[in-house]
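# A closer look at the structure
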Amino acid sequence: MAGKGTPATALLAKQKVAHKLHAYDHDPKHESYGLEAAEVLGLEPDRVFKTLVADVDGKLTVGVVPVTGQLDLKALAAAVGGKRAKMADAAAAQRATGYVLGGISPLGQRSRLPVVIDETAEKFETIYCSAGRRGLEVELVPADLVRLTSATVAPIRA
């Protein structure tokens, strides 16, 4: 079920990972991409995860947290053995991932960045994250997301 043509969907198809795509019309005026996805698609917000790029000791690192929470930068740094973390520059995040803000997926990124997924993802049978474009979410089993991104699972939600 790739068909939408993003690096994330191409990776899912290539790896033969069961998933469902959920498309919606993105409203550029909406303040939160993730909350918009939950609202428009009628999803439980805790099951919708946002992909954030941080700078941990000079190295870009991805944090994946529920859209209802914030990224705990100290916890993210600790999860990857770092000391200090700050949100990455938007242009650097877009350049490294190959995606635009609001459409950054943890899957199929241009540069293979370390990924940490919040432990709450494991509470659900399936979760949703960006499929690589604003207005396109992918639903998949958390263990598949962990495997495909070689992620660490840790408590990184503030």
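Up top you'll find the structure we're talking about.
Everything in this summary refers to the structure shown in the same document. The residue numbering used here restarts from 1 in each chain and proceeds along that chain's sequence as written. Where totals are concerned, whole chains, interfaces and linings use all residues; where local detail is concerned, this predicted model gives features only for residues with pLDDT of at least 70, and gives and counts side-chain atom pairs only at 80 or more. Derived side-chain values reflect all non-hydrogen atoms in the structure, with water molecules and hydrogen atoms excluded from consideration.

A separate point is the pairing of strand S7 (residues 136–140). Only protein chains enter the accessibility calculation, which uses a 1.4 Å probe. A residue is then buried if its area is under 20% of the maximum for its type, exposed if over 50%, and partly exposed in between. Numbering of helices and strands runs from the N terminus; a helix is a DSSP stretch of H or I covering at least four residues, while a strand is a stretch of E covering at least two. Counted residue by residue, S7 has 5 buried out of 5 residues, so it is predominantly covered. In S7, alternate side chains face the same way, and those of Leu136, Val138 and Leu140 on one face and Glu137 and Glu139 on the other are all buried. Looking at chain direction, strand S6 (residues 127–133) and S7 are connected through 5 bridges and run antiparallel. Within S7, the position partnered with Ile127 by the bridge is Leu140. Two strands qualify as a pair provided that DSSP identifies no fewer than 2 bridges between them.

With that out of the way, let us pick up the sheet that holds S6. Sheet strands pair via backbone hydrogen bonds, and the direction of the pair is either parallel or antiparallel. Spatially, 3 strands are ordered S1-S7-S6 in an open sheet, and the strand pairing comes out antiparallel. Every other strand in the sheet has two partners, leaving strand S1 (20–23) and S6 as the edge strands with one partner each. Each neighbouring strand pair of the sheet contributes to a mean axis angle of 35°, computed without reference to strand direction. Axes here refer to lines fitted to C-alpha atoms; in helices the fit is confined to the stretch in contact. Angles between the N-to-C directions go from 0 to 180 degrees.

Take the pattern of salt bridges next. One speaks of a salt bridge when a side-chain nitrogen belonging to Lys or Arg is within 4 Å of a carboxyl oxygen belonging to Asp or Glu. This model, assessed by the stated rule, comprises 3 salt bridges. Note that Arg47 is salt-bridged to Glu139, the shortest N-O span being 3.7 Å. Within this pair, whereas Arg47 is found in the loop between helix H2 (33–41) and strand S2 (49–56), its partner Glu139 is found in strand S7, the two being separated by 92 residues in sequence. With its nearest N and O atoms 3.5 Å apart, the salt bridge here joins Arg147 to Asp144. With Arg147 and Asp144 both in helix H5 (residues 142–149) and 3 residues apart, this pair spans about one turn of that helix.

We now examine the nonpolar core. Counting residues in hydrophobic clusters, the biggest one holds 29 residues, and the most contacted among them are Leu12, Val53, Leu107, Ile117, Val138, Leu140 and Leu145. Contributions of two or more residues to this core are made by helix H1 (7–14), S2, strand S3 (59–66), helix H4 (90–97), strand S5 (115–118), S6, S7 and H5. Should any heavy atoms of two residues lie within 4.5 Å, those residues are considered in contact. Not counting chain neighbours up to four residues away, the residues in contact with Leu107 comprise Ala8, Leu11, Leu12, Tyr99, Val138, Leu140, Leu145, Leu148 and Thr149. Ranked by size, the runner-up nonpolar core spans 10 residues in total, among them Val65, Leu71, Ala75 and Ala77. Residues belong to a common nonpolar core when they are buried Ala, Val, Leu, Ile, Met, Phe, Trp, Tyr or Cys residues joined through side-chain atoms within 4.5 Å.

Judged by pairing direction, the sheet is mixed, and its 5 strands sit side by side in the order S4-S2-S3-S5-S8 without closing on themselves. The open sheet has two free edges, formed respectively by strand S4 (85–87) and strand S8 (152–154), since each of these has just one partner strand. Neighbour to neighbour, the strand axes of the sheet diverge by 35° on average, direction disregarded. Of the pairings in the sheet, the one linking S2 to S4 comprises 3 bridges and is antiparallel in character. Bridged to Val56 within S4 is Ala85.

Quick look at H2 now. At 3.6 residues per turn, the α-helix brings residues three or four places apart onto the same side. Along H2, the residues classified as buried are Gly34, Glu36, Ala37 and Ala38. Once H2 finishes, Gly42 follows within two positions and takes phi at roughly 65°, a positive value.

Glancing now at H5. Within the span of H5, buried status applies to Pro142, Asp144, Leu145, Leu148 and Thr149. One face of H5 carries all of its buried residues, which in axial projection span an arc of 160°. Buried residues in H5 make contact with H1, S5, S6 and S7. Taken from the residues just after H5, Ser150 is the one with a positive phi, measuring 50°. The reported arc concerns the directions from the helix axis to the C-beta atoms and nothing else.

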